[in-house]
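# Survey of secondary and tertiary structure
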Amino acid sequence: MNSMKRDKKDEEEGGGGGLFSSLDKTTVLQEARLFNETPVNPRKCTQILTKILYLLMQGEELGTREATDTFFAMTKLFQSKDIVLRRMVYLGIKELSTVAEDVIIVTSSLTKDMTGKEDLYRAAAIRALCSITDSSMLQSIERYMKQAIVDKSPSVSSAGLVSSLHLMASSGEIIRRWVNEAQEAANSDNMLVQYHAIGLLYAVRKTDRLAVIKLVSKYTSLAVRSPFATCMLIRIACRLMEDDPDNDSTYQDFLESCLRHKSEMVIYEAAHAIVNLKRTGARELSPAVSVLQLFCSSPKATLRFAAVRTLNKVAMRQPTAVTACNLDLENLISDSNRSVATLAITTLLKTGAESSIDRLMKQIASFVSEISDEFKVVVVQAIRALCVKFPRKHGVLMTFLSSLLREEGGLDYKAAIADTLITIIEENPEAKETGLAHLCEFIEDCEHTALAVRILHLLGKEGPRTNKPSRYIRFIYNRVILENACVRAAAVSALARFGALVDELTTNILVLLCRCEMDSDDEVRDRAAYYRCILENQDRSLSSHFILNEFQEGEGEPREGMLMTEKKPSAVTKTRQETLAQQLLNIPALAALPLGQLFKSSMPTDLTESETEYVVQCIKHVFPQHVVLQFECRNTLPDQLLENVRISLEIPAGFELVSEIPCPRLEYNTPGNVYSCIRLPDDPQLAMEGTFEATMKFVVKDCDPNTGLPDSDYGYDDEYIVRNDPEVYFLFPLRFLEYFWFYLQLEEVEVATGDFLVKVIEGDFQSAWDGLGEENQVTETFELPYKSLEEAVTKIVKFLSLHPSERSDRVQAGKTTHTLYLSVASLRFLLTSFL
Amino acid sequence: MGGLLSYFKSLFGSREMRILILGLDGAGKTTILYRQVSPEILVGEVVTTIPTIGFNVEQVTYKNLKFQVWDLGGQTSIRPYWRCYYSNTDAVIYVVDSADRDRIGISKQELVSMLEEEELRGAVLVVLANKQDLSGAMSVAEVHQALGLDALRARTFQIFKTSATKGEGLDTAMEWLANALTNKK
Ligand SMILES: Nc1nc2c(ncn2[C@@H]2O[C@H](COP(=O)(O)OP(=O)(O)O)[C@@H](O)[C@H]2O)c(=O)[nH]1
Ligand SMILES: [Mg+2]
């Protein structure tokens, strides 16, 4: 309170505000009553209006009543012929038009001003008039608007055009009738009128692609004089190009011709457009880059900035295209404008050679403290790209980054640095220890909780596998003592991982966890107790499951019932697998078969299109010697009842149909199951591939949609409708019914390798792999028909239905080799895929 | 000294009078206003108008007197706003379409409720029975009767017959008004 008072006084003493420094709404509105007096005092009234406008601009809000009163008082000022006052009134009308009621009261007066002799009134009156006009009133001023658009005076014409543009949103239909006038204005010699006219024409036609194409081709061939209009045409042309990637080269030619325009604005717009077009290749890029290169040495700072910023973007995607500008960029490093300098350096970092890095980094360091966070992030991103490109430079780069970490900065900036360090660590094994050390140092003094948690997570993941894991414990445990609950909880989880992975540390970690159980926060205590309980068991598989896995599934989700149970926790929750197995056992015909233990059930696959009347999905249940195909059928027609539903399968060689269980009755919207049990071939090679052609067979009865009972009209002696084709209905006498089945061709059912593999969420792939032993490992080389590594990785993961370990499904851009770890447990063999 | 006196005199003489022209829509108010604004418009020449949404305000000079004349729109939706413009009014010119027998009743109601307004208590009233050129137009006496002007007390007022489009009768009315306003001072 005190400080606020002092601030106010300081302001007064500063005396900056003058007349407007301490305006009060109520007082000003009180003063506005002066508007009602005759004769009008123009000077005083102008001043009061200025105050009102000032207040509104400051964000002061008027109530409807206040606004309406002020508005009507203001209308009295129309009696004065003072030009300045009248123009202030226009502004007042525009500002109050959205709050005050019955603002149409000034329609006649404004119409008169917009058509009158006083040129100083006309444009402003048009703008004010349009602000109080809705589509119902617009008709009555339509004639004047059309006249205004084609008026000789550019300011009137522009005002008419721009106001029309604003009215498009509410009264598009009426404005569309003014196209002829707009077209006439588009031929104007005045640069702004032409720009505004083409803008309005575009707004009117925006939704009609063909009309836009016509518009662009008309005005691009006409050689429009206004550079503003040309810039707009460039943007519209780009939109057209992006919408339709395989159009001809007309627009491209237009863009390139704009690169030779005499206006710098147009040249830049064209270059910027070309650079940003998705379809732009090296051929199209080079002329654009050339003009940007010229701009780099322009005496105008804005042009230099625009050019280097655009080049910077190009450098991210096509660094080679920018190499030609390296010399010009070098000159910009010492530019007095820091933004230009930063962008120049970061662009060079992307395009330059390895040898120039040290020099450039020194250069940046000299002024990094002077630039804003936003640009610092640009610097960090450039460094990140560099680390990927030149792994050997990680030493210099990391030292630089960690020095940045120590300085002031917002979360985004710090997160960008941390991200970059983390990327370096993940990418570059040599950099790991130094990188982790930098991060440890950083979290000693990190005010961003989110960031600290992420780094602790990383320490828990990478730390135990370093040469000297113990050195990290101190940093992590310090967090437990010094930080907030969120960070403490993350620290506890990280400690637990060390305990689980590094045998020599387990005892110490247990002691630390014990201390954490004294924490004031529930979550921290729970985690500590949970981890201690698991670690004390000294059971590798237990900790592998419940300490190490958790890191893949997300922080802080202790499993249900874990702390209470003495048994192996996997028995506690019932999995989908177990539920499905139970369901199968409940079917007597299946339970009678010697199937053995259910190994895996697939996810349901659709055998019908989603929109069909009968929907069939298939789930494959794999047993040691058998596969049970479960066909879940659904009837979506309320007036039909299906009976005796069967799925007939074409059984490939080697497989053998053991048993089939039809669904006797399929009512509307109640799913029913058909089962087929198939014995797998003894040759495991064959068992991995099988394609079953499937056909659904059934009898249809019409029924009452309300009761679901067969229609009484169709007594058993009468007819049933049997559908043979979705489009054609046949009528058959009942006595023939049994002989007429309806056949519905389904998608093929495939049994493939993936069905025999189970995803195992294996927290620590390396230890699990090592644990398998030599005899279980096979190396094979495959030639795969995929274009990119990313594609290959996703396809393989999907095809084998396996779980990628250690986030190895993320492929680093630009690399040529990639190791994909897939965890598998298979019934008959164990397969691991390397790429 | 004499110069200063005449200066004050001219200052006083040029004080603007504030006049409202009221009446139902289509009565001829706007036509009348613009005939006053541009006296050069010849008798018999046509003034074209469009319906007034809101108001027109103009300065009119008549015999060295300056009037600030407000012509307020007469549509039902705009009539409620008349009152916003009542204060400081010296005179009201109430225009009636003498040929519009259907709405003369409504015209009377509007007139009566307007005259009840406190702010207009001292205002001089001129009633113009307009559109006298039209066949079937009510006579001045009929209009006088239909508006119930008999009941007026303590009000300086006069009724005239006019034809705004032809420019007839307006001069007489203005002359009377100018005199009435000068005498009132
Ligand atoms: N015949 C005739 N028509 C008139 C006379 N005065 C006005 N009008 C017409 O009546 C219509 C409405 O006039 P206007 O001045 O706009 O009326 P306002 O609504 O009261 O302002 C216009 O078409 C005028 O030409 C008149 O004295 N005689
Ligand atoms: Mg009118």
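Computed from a predicted model, the values in this text were never measured in an experiment. (Residues numbered from 1 in each chain as written. Chains lettered and ligands numbered in written order. Predicted model: local features only at pLDDT ≥ 70, side-chain atom pairs only at ≥ 80, totals over all residues. Heavy atoms only, no water.)

In this section: the pattern of salt bridges. The full count for this structure, using the stated rule, is 41 salt bridges over all chains. Arg-283 of chain A is the salt-bridge partner of Glu-284 of chain A, the closest N and O atoms lying 3.7 Å from each other. For Glu-284 of chain A, a relative accessible area of 16% translates into the label buried. Across the pair Arg-406 of chain A and Glu-441 of chain A runs a salt bridge, and its minimum N-O distance is 2.9 Å. Residue Arg-406 of chain A is located in helix α23 (residues 394-406), and its partner Glu-441 of chain A is located in helix α25 (residues 432-443); the two are separated by 35 residues in the primary sequence. Classification of Arg-406 of chain A as exposed rests on a relative accessible area of 57%. Under the relative-accessibility criterion, Glu-441 of chain A is labelled partly exposed at 42%. Bridged by salt links that share partners, the residues Asp-25, Arg-79, Asp-100, Arg-103 and Glu-110 of chain B form one connected network. (Salt bridge = Lys/Arg side-chain N within 4 Å of Asp/Glu carboxyl O. Buried < 20%, exposed > 50% of the residue type's maximum accessible area, 1.4 Å probe, protein only. Helix = DSSP H or I, 4+ residues; strand = E, 2+ residues; numbered from the N terminus.)

What follows concerns unusual backbone geometry. Between Thr-38 of chain A and the following residue, Pro-39 of chain A, the backbone shows a cis peptide bond with an omega angle of -10°. Note on placement: Pro-39 of chain A falls in the loop between α2 (25-31) and α3 (42-57).

Residues and elements named next belong to chain B. Binding of the magnesium ion (ligand 2) to the protein goes through Thr-30 (OG1) and Thr-52 (OG1), at separations of 1.9 to 2.1 Å. One end of the pair, Thr-30, is in helix α2 (residues 29-37); the other, Thr-52, is in the loop between α2 and β2 (55-62), and 22 residues separate them in sequence. Owing to a relative accessible area of 8%, Thr-52 belongs among the buried residues under this scheme. (Donors = N, O, S within 2.8 Å, 3.2 Å for Na, K, Ca; no water.)

Per-residue confidence for chain B gives a mean pLDDT of 87; residues scoring 70 or more make up 89%. Scoring the predicted complex yields pTM 0.61 and, for the interface, ipTM 0.89. (pLDDT = per-residue confidence, 0-100.)

This next bit is on the sheet that holds strand β1 (residues 17-22) of chain B. Working definition: the strands of a sheet are paired by backbone hydrogen bonds and lie parallel or antiparallel to each other. Residue and element names in this part refer to chain B. In spatial order, the strands read β2-β3-β1-β4-β5-β6; together these six strands make up an open sheet with mixed pairing. Bordering the open sheet on either side are β2 and β6 (157-161), each of which pairs with just one other strand. Strand-to-strand twist of the sheet, defined as the mean angle between neighbouring strand axes without regard to direction, takes the value 20°. In this structure, β1 lies alongside strand β4 (residues 91-97), joined through four bridges in parallel fashion. The residue of β4 that forms the bridge with Ile-21 is Ile-93. (Pairing = 2+ DSSP bridges. Axes fitted to C-alpha atoms, helices over the stretch in contact; angles between N-to-C directions.)

Time to look at the environment of Leu-598 of chain A. For Leu-598 of chain A, the location among the structural elements is in the loop between α34 (588-591) and β1 (600-601). The spacing of Leu-598 of chain A and Pro-624 of chain A is 26 residues in sequence and 7.5 Å in space, taken between C-alpha atoms.

On to the site of ligand 1, then. All names here are of chain B. What surrounds ligand 1 is a group of 16 residues, the closest being Gly-26, Lys-29, Thr-30, Thr-31 and Thr-49. At 2.4 Å, a side-chain N or O of Thr-31 approaches an oxygen atom of ligand 1. With respect to ligand 1, the side chain of Lys-131 contributes an N or O atom lying 3.2 Å from an oxygen atom. Its free accessible area being 570 Å², ligand 1 has 79% of it covered by the protein chains. Per-element tally for the shell around ligand 1: the top contributor is α2, with three residues. Across the shell around ligand 1, the residue classes break down as four nonpolar, eight polar and four charged. (Near = heavy atom within 4 Å. Polar contact = N/O pair within 3.5 Å; in protein donor to acceptor, adjacent residues only side chain to side chain. Areas by Shrake-Rupley, 256 points an atom, 1.4 Å probe, with all protein chains shown as cover. Nonpolar A, V, L, I, M, F, W, Y, C, P; charged D, E, K, R; others polar.)

Bringing the interface of chain A and chain B into the picture now. Contacts between the two partners involve 19 residues from chain A and, on the opposite side, 18 residues from chain B. Here chain A meets chain B over a buried area of about 1,600 Å², counting both sides, of which 55% is carbon and sulfur. Counting across the interface, chain A meets chain B through one salt bridge. Salt-bridge contacts for Glu-58 of chain B lead to Lys-112 of chain A; the nearest nitrogen and oxygen are separated by 2.4 Å. Inspection of the region where chain A meets chain B yields seven residue pairs in polar contact (both at pLDDT 80 or more). If you list the elements that add at least two residues to the side of chain A that touches chain B, you get α4 (64-75), α6 (107-115) and α8 (135-149) of chain A. (Contact = heavy atoms within 4.5 Å. Buried area = accessible area lost by both parts, 1.4 Å probe.)

Before going further, it helps to spend a moment on helix α12 (residues 209-221) of chain A. Residues and elements named next belong to chain A. Between the first and last C-alpha of α12 there are 18 Å, a value that for 13 residues agrees with the 18 Å anticipated at 1.5 Å per step. For α12, the complete set of buried residues consists of Ala-211, Val-212, Leu-215, Val-216 and Tyr-219. The buried residues of α12 occupy an angular sector of 135° when the element is viewed end-on, so they sit on one face. Exposed side of α12, more than 90 degrees from the buried face: Leu-210, Lys-214 and Ser-221 are the residues found there. A positive backbone phi angle near 55° is found at Ala-223, which sits one or two residues after α12. (Expected span 1.5 Å × (residues − 1). Arc of directions from axis to C-beta.)

Residues and elements named next belong to chain B. If you walk through the whole model with that rule in mind, you get three cavities of 30 Å³ or more. Every residue lining the largest cavity is listed: Leu-24, Asp-25, Ala-27, Val-95, Val-96, Asp-97, Asp-100, Arg-103, Ile-104 and Ser-107. At the level of secondary structure, the elements contributing two or more residues to the lining of the largest cavity comprise β4 and α3 (104-115). No other element matches the three residues that β4 contributes to the lining of the largest cavity. Among the residues making up the lining of the largest cavity, the classes are represented as five nonpolar, one polar and four charged. (1 Å grid on protein atoms, 1.4 Å probe; cavity = no way out; pocket = protein on both sides within 12 Å on 5 of 7 lines; lining within 4 Å. Points joined across faces, edges and corners; volume = space filled by probe spheres on them.)

Residues and elements named next belong to chain A. Phe-35, Phe-71, Ile-93 and Leu-110 are the most contacted members of the largest nonpolar core, which has 230 residues in total. Taken domain by domain, this core gets at least three of its residues from each of domain 1 (20-93) and domain 2 (102-182). In contact with Phe-35, not counting residues within four places along its chain, are Cys-45, Ile-48, Leu-49, Ile-52, Ala-73, Met-74, Lys-76 and Leu-77. (Core = buried A, V, L, I, M, F, W, Y, C linked by side-chain atoms within 4.5 Å. Domains from an automatic or database assignment.)

Residue and element names in this part refer to chain A. Between α3 and helix α5 (residues 83-96), the shortest axis-to-axis distance is 10 Å and the interhelical angle comes to 30°. The angle between α3 and α5 places the two elements in the roughly parallel class. Between α3 and α5 the crossing geometry is left-handed. Here Pro-42, Cys-45, Thr-46, Leu-49, Thr-50, Leu-53, Leu-56 and Met-57 of α3 lie close against α5, whose contacting residues are Val-84, Leu-85, Met-88, Val-89, Leu-91, Gly-92, Glu-95 and Leu-96. (Parallel < 35°, antiparallel > 145°, perpendicular 65-115°, else oblique. Left-handed = near helix turned anticlockwise from the far one by under 90°.)

Next up on the list: the UniProt feature "binding site: Mg(2+)" (unreviewed entry) in chain B. Residues and elements named next belong to chain B. Residues annotated in UniProt with the feature "binding site: Mg(2+)" (unreviewed entry) correspond here to Thr-30 and Thr-52. In summary, the annotated positions, though distributed over 23 residues, converge in three dimensions, the widest C-alpha pair being only 7.6 Å. With sequence-adjacent residues up to four places away left out, Thr-30 is seen in contact with Thr-49, Thr-52, Asn-56 and Asp-71. Within the structure, the side chain of Thr-52 is placed 2.9 Å from the side chain of Thr-30, a separation counted as a polar contact. (UniProt positions renumbered as here; feature names shortened; annotations may be inferred.)

Right, let's talk about the packing of helix α17 (residues 301-317) of chain A against helix α20 (residues 338-351) of chain A for a bit. Residue and element names in this part refer to chain A. At a closest axis distance of 9 Å, the pairing of α17 and α20 adopts a crossing angle of 25°. One element, α17, and the other, α20, form an angle in the roughly parallel class. The handedness of the crossing between α17 and α20 is left-handed. Taking contact as the criterion, the partners of Ala-301, Arg-304, Phe-305, Val-308, Arg-309, Leu-311, Asn-312, Ala-315 and Met-316 in α17 are, on α20, Ser-339, Val-340, Leu-343, Ala-344, Thr-346, Thr-347, Lys-350 and Thr-351. When grouped by side-chain class, the residues that make up the contact of α17 with α20 number nine nonpolar, five polar and three charged.

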